Amino acid sequence: MSGSAGASSAGRRLWRVFAMVGLVATVTYLVASSLGQLEVALLAFVVIGVGTIWACFAGPRRYGAEPRSAWLLLGTTASLFLVGVVTRPFVSGLRVPVSLIADLVIIPGYFSLATCFVVLLRSRKSLDWLAVLDGMIVFLAGGLLGVLLLAAPTAAIGDRPVIVSALATAYPIFDVVLLLLVVNLTFTATTFPISMLTFIGSLLMLFAGDLAYAIIGLSGKTYDSPLLDLPYILGMAGLGLTALHPSMVHLGRAARRPVQAWSWRRMTLLAPAVTVPFVLLVLVGDESAAYRLTIGVSGALMMLLLLGRAATAVRAQAAAQRRSEHQAMHDPLTGLPNRRAMSAHIERLLIETPPLDDRRVWVYLLDLDGFKWVNDSWGHDTGDQLVIEVARRLRAAVPHGIRVARTGGDEFLLAYVGEKPGALRIVDEIRSCFTRPLAVHDTEVVISASIGIAHAAADGDAAVTAEALMRDADTAMYRAKAEGPGRSTIFDTSMHDRVRERIELEAELRKALADEQLHVAYQPIVQLDTGRPLGAEALLRWTHPTRGQIPPMSFIPIAEESGMIAQIGTWVREESLRQLAVWRADGTVADDFYLSINVSPRQLNDADLPLIVSAELIKYGVPARAVALEMTESVMVDGSSVTSRVLFELRELGVRLLVDDFGTGFSALGYLRRFPVTGVKIDRSFVSGLGSSLEDEEIVRAVVAMSYALGLTIVAEGVENRGQRDALAAVGVTQAQGWLWGPAVAPGDFAAHWHAGGPAARAAANVPPGKNQRSTGGKAKSRNQLAAENS
């Protein structure tokens, strides 16, 4: 960016220098011509001409303008015009054909200039049919004026060679052709940067110079004074300014209006052009029958062009309307119908299906599992390619006639009319799209889709039923997603009650955060061989004024989905650090005591989290080594580059990083080596099987061996009895937590029971059988209470 800005600034300085030199040279040319100093005047013209030729080659190379061929043609034009203008004074008084040398050099310049225009217009995609028709109207008007007022009278002069009259007649024709191209350029331009204005201005100067020569040509002269070349020196300077201004890169870039309207700019040119035949009929109509015939034919052609222009404009407007309607009803990425189009399609299916028919209208809503992970890992371009490939597979997999739509970032909608067996076959066909890896940007991605299904009979209000079907399919899809990746669920009415319950609970949770209904409870983490509390886990609790205790497993997912988890997580972290600071200050805990706090994937995807945690540690005076942050295995698997950077920065602060519920997810050794984790927590589902399940014992033994090999600490969760404690100690586990040592309690109860050096710490290692053990009902309750560990 800085390099580009510097080049642009230097370019503007060069442009201003060239403008000043051009002004001085033009004044010099004007003064010298007035004083009859031809050599000085021509020297000033040469200075501008050579500068313009250099600009046409150096400017595009400096700014990387495209197409390069257009600027090479413009440089060629400037070279030919320079040679012709400088040569003309020296050959104008000589005999034919020597006197025609200047013209023979200049005329190829018009062809190269016209070619330059065509190349630019093609590059800008501005060769628009409507603009061409408008330009043809102006071309006919200009041609009619040039032929009848300039070319014809010039050709009628009889005391000079025919070739001289022919060349004098040709210049107005060349100008009219260039006028057509200029009109096309201005009619199709959407913006007018400085380079565009100087380009058009230089061409107007060229027209002015040719008009001056055409006027003196009416009296039989081919050259009169160097002052006649003043418009050419101004036009030459304009071409140089065009090539040197940084905005010249826009002249070759695509820029066209979607529909060519009858704008005021067009009417300013078209209205006078249409009146030209009538004006000429009055002025020169009585000259000859040939004049009147020329005027009549030109006028008729102009009327035909106007009619063609009007018809083309109507067709273009209709095509634009069709494009607009298509864009409004289709997804721009995949070309599939969007939700609006699909709603109308489902409504038609409901209307067309007989009410008493056994067939029903089935709606399927797909959501890609792991799509966010693909986006975060490989970027949104890869995500877009994945969506395109899924859309292609869906269209190929489902039977012809089943409409496929894209309704969101990674959501697709299908509609089918039939009975239940056929509807279930469609589910199998949808799943077949995801059995093979999807190749995206030289990468093979394996994903699945959660499918929500809803169906209805063709009765009642079709529009209402269509919206209800899509809403119910959406509800079923979220239920399927909650059950795990790649699942499908058919909607039933009980889901509405769960959705309503979720909405009410979300509103209550927002109120709870504001009304201080949330609080933090602390469960000890002890050293197995001594029973001494090494730390504690901070667990979120919600006591509702009317519902009582609400299990974390009920409200933590809602907090995640609604986005409240970041706010709640910040509150839990700050409250926990504040409490830890109090305990450290009053001696409740030892100096090596640490507090373990859960963090969600959403929080770890916040690049500012390390700075926030660092500020909180400073605020409460808590050392980083006294804090551990717990995360689930999914964070490492699904984590983006932002999450990875956040974890490394947190570890650099000195904070411990623990993997919670280890063994229930991916549990890949590679993830533990790649991320800066300091410990793992063995999930309670394996701990509960110790003493009764050889498989669970082997899993725990393998986790311990792996952790020791990687230098990680190990904490066992959900320890309920001494048998589990002893089995864990036998395989090398040194830390544990669970109901054997007590549930999560309020800060005051924790301090009273676990004060450093207190009796509880000494007695914990010899808990008698049955002490603090729970009944079956109590176990279910405690699992709800401890579920916040999964947040």
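Residues numbered from 1 in each chain as written. Predicted model: local features only at pLDDT ≥ 70, side-chain atom pairs only at ≥ 80, totals over all residues. Heavy atoms only, no water.

1. Focus on the overall build of the protein chain
Here's step 1: Along the backbone of the protein chain there are 29 helices and 16 strands.
Here's step 2: Here the protein chain holds 791 residues, and 50% of them are scored as buried.
Here's step 3: Partitioning the intrachain contacts of the protein chain with sequence separation of at least 6 by distance along the chain shows that 75% fall at a separation of at least 24.
Here's step 4: Roughly 36000 Å² of accessible area belongs to the protein chain as shown, and the carbon and sulfur atoms make up 61% of that amount. (Helix = DSSP H or I, 4+ residues; strand = E, 2+ residues; numbered from the N terminus. Buried < 20%, exposed > 50% of the residue type's maximum accessible area, 1.4 Å probe, protein only. Contact = heavy atoms within 4.5 Å. Areas by Shrake-Rupley, 256 points an atom, 1.4 Å probe, with all protein chains shown as cover.)

2. Here's the deal with the side chain of H345
Here's step 1: Tracing the backbone through its elements, the reader meets H345 in helix α11 (residues 339–352).
Here's step 2: Not counting the four nearest positions on each side in its chain, H345 is found in contact with R403 and A415.

3. Considering the pairing of strand β14 (residues 679–682)
Here's step 1: Neither face of β14 is left uncovered, since the one carrying G679 and K681 and the one carrying V680 and I682 both have all their residues buried.
Here's step 2: Two elements, β14 and strand β15 (residues 713–716), share four bridges in a ladder whose sense is parallel. Residue pairing for β15: K681 is matched across the bridge by V715. (Pairing = 2+ DSSP bridges.)

4. What to know about the packing of helix α4 (residues 101–123) against helix α7 (residues 194–217)
Here's step 1: The contact between α4 and α7 brings their axes to 14 Å, and the two run at 150°. Here α4 lies roughly antiparallel to α7, going by the angle between them. Regarding α4 and α7, the two cross each other, and that crossing is left-handed. Along its contact with α4, which presents Y110, L113, F117 and L120, the element α7 presents F199, L203, L206 and D210. (Axes fitted to C-alpha atoms, helices over the stretch in contact; angles between N-to-C directions. Parallel < 35°, antiparallel > 145°, perpendicular 65-115°, else oblique. Left-handed = near helix turned anticlockwise from the far one by under 90°.)

5. Examining α11
Owing to its 3.6 residues per turn, the α-helix aligns residues three or four sequence positions apart on the same side.
Here's step 1: When the terminal C-alpha atoms of α11 are compared, their 20 Å separation across 14 residues agrees well with the 20 Å that a helix rising 1.5 Å per residue should span.
Here's step 2: Buried within α11 we find A341, M342, S343, H345, I346, L349 and L350.
Here's step 3: Its buried side turned inward, α11 meets α10 (289–329), β1 (360–369), β2 (403–406), β3 (411–418) and α15 (462–483).
Here's step 4: Taking the backbone nitrogen of R340 as reference, a side-chain oxygen 3.2 Å away marks N338 as the first, capping residue of α11. (Expected span 1.5 Å × (residues − 1). Polar contact = N/O pair within 3.5 Å; in protein donor to acceptor, adjacent residues only side chain to side chain.)

6. Describing a positive patch on the surface
Here's step 1: Residues R12, R13, R16 and R62 make up a contiguous surface patch of positive charge.
Here's step 2: Broken down by element, the residue count for the positive patch peaks at three residues, all from helix α1 (residues 2–34).
Here's step 3: Within the secondary structure, R13 sits in helix α1. (Patch = residues over 30% accessible without salt bridge, like charges linked within 9 Å, V, L, I, M, F, W, Y side chains within 5 Å. Salt bridge = Lys/Arg side-chain N within 4 Å of Asp/Glu carboxyl O. Lys, Arg positive; Asp, Glu negative; His and termini not counted. Charge placed at Lys NZ, Arg CZ, Asp CG, Glu CD.)

7. Remarks on the side chain of R393
Here's step 1: If you trace the backbone, R393 turns up in helix α13 (residues 380–397).
Here's step 2: Apart from residues no more than four positions distant in its own chain, R393 is found in contact with C433, R436, P437 and L438.

8. Re the packing of aromatic side chains
Here's step 1: Per the stated rule, a full pass over the model turns up ten aromatic pairs.
Here's step 2: Measuring from centroid to centroid gives 5.7 Å for F111 and F174, while their planes differ by 65°, and the two rings are edge-to-face. Of this pair, F111 sits in helix α4 while F174 is found in helix α6 (residues 162–188), placing the two residues 63 residues apart along the sequence.
Here's step 3: Under the relative-accessibility criterion, F174 is labelled buried at 18%.
Here's step 4: Ring-pair connections join several aromatic residues into one group, and the members of that group are F81, Y110, F111 and F174.
Here's step 5: Looking at R656, its charged tip hangs above the ring of Y594, at a distance of 4.2 Å from the centre. (Phe/Tyr/Trp six-rings, centres within 6.5 Å; stacked < 30°, edge-to-face > 60°. Lys NZ or Arg CZ within 6 Å of the ring centre and 35° of its normal.)

9. So, the confidence of the model for the protein chain
Here's step 1: This prediction gives the protein chain a mean pLDDT of 82; 88% of its residues lie at or above 70.
Here's step 2: Confidence drops under pLDDT 50 across residues 765–791; counting only partners more than four residues distant or on other chains, this segment forms 57 contacts. (pLDDT = per-residue confidence, 0-100.)

10. Brief notes about a nonpolar patch on the surface
Here's step 1: On the surface, a cluster of nonpolar side chains totalling about 640 Å² of accessible area is made up of M20, L23, V27, L30, V31, L35 and L227.
Here's step 2: Locating V31 in the fold gives a position in helix α1.

11. Observations concerning the sheet that holds β3
Here's step 1: Sheet architecture is open: five strands sit in the order β2-β3-β1-β6-β7, paired in mixed fashion. If you trace the sheet from one side to the other, it starts and ends with β2 and β7 (488–490), each paired once. Across the sheet, the axes of successive neighbouring strands diverge by a mean angle of 20°, strand direction being ignored.
Here's step 2: Looking at chain direction, strand β6 (residues 448–456) and β7 are connected through three bridges and run parallel. Looking at β7, one finds that G452 is bridged to T489.

12. So, the pairing of β2
Here's step 1: Inspection of the sheet shows β2 paired to β3 by four bridges, in the antiparallel sense. If you follow V404 over to β3, its bridge partner there is L414.
Here's step 2: Remark: four residues form the turn of the hairpin made by β2 and β3, two consecutive strands paired antiparallel.

13. Concerning the pattern of salt bridges
Here's step 1: Summed over the entire model, instances satisfying the criterion amount to 22 salt bridges.
Here's step 2: A salt bridge links D369 to K481, with the shortest nitrogen-to-oxygen separation between them at 2.7 Å. Linking D369 in strand β1 with K481 in helix α15, this pair joins segments that are 112 residues apart in sequence.
Here's step 3: Here K481 falls in the partly exposed class, since its relative accessible area comes to 30%.

14. Looking at the state of the cysteines
Here's step 1: This structure, assessed with the given rule, holds zero disulfides.
Here's step 2: C56 forms no disulfide, and the closest cysteine sulfur to it belongs to C116, at a distance of 8.3 Å.
Here's step 3: Relative accessible area serves as the criterion here: at 1%, C56 is assigned to the buried category. (Disulfide = S-S within 2.5 Å.)

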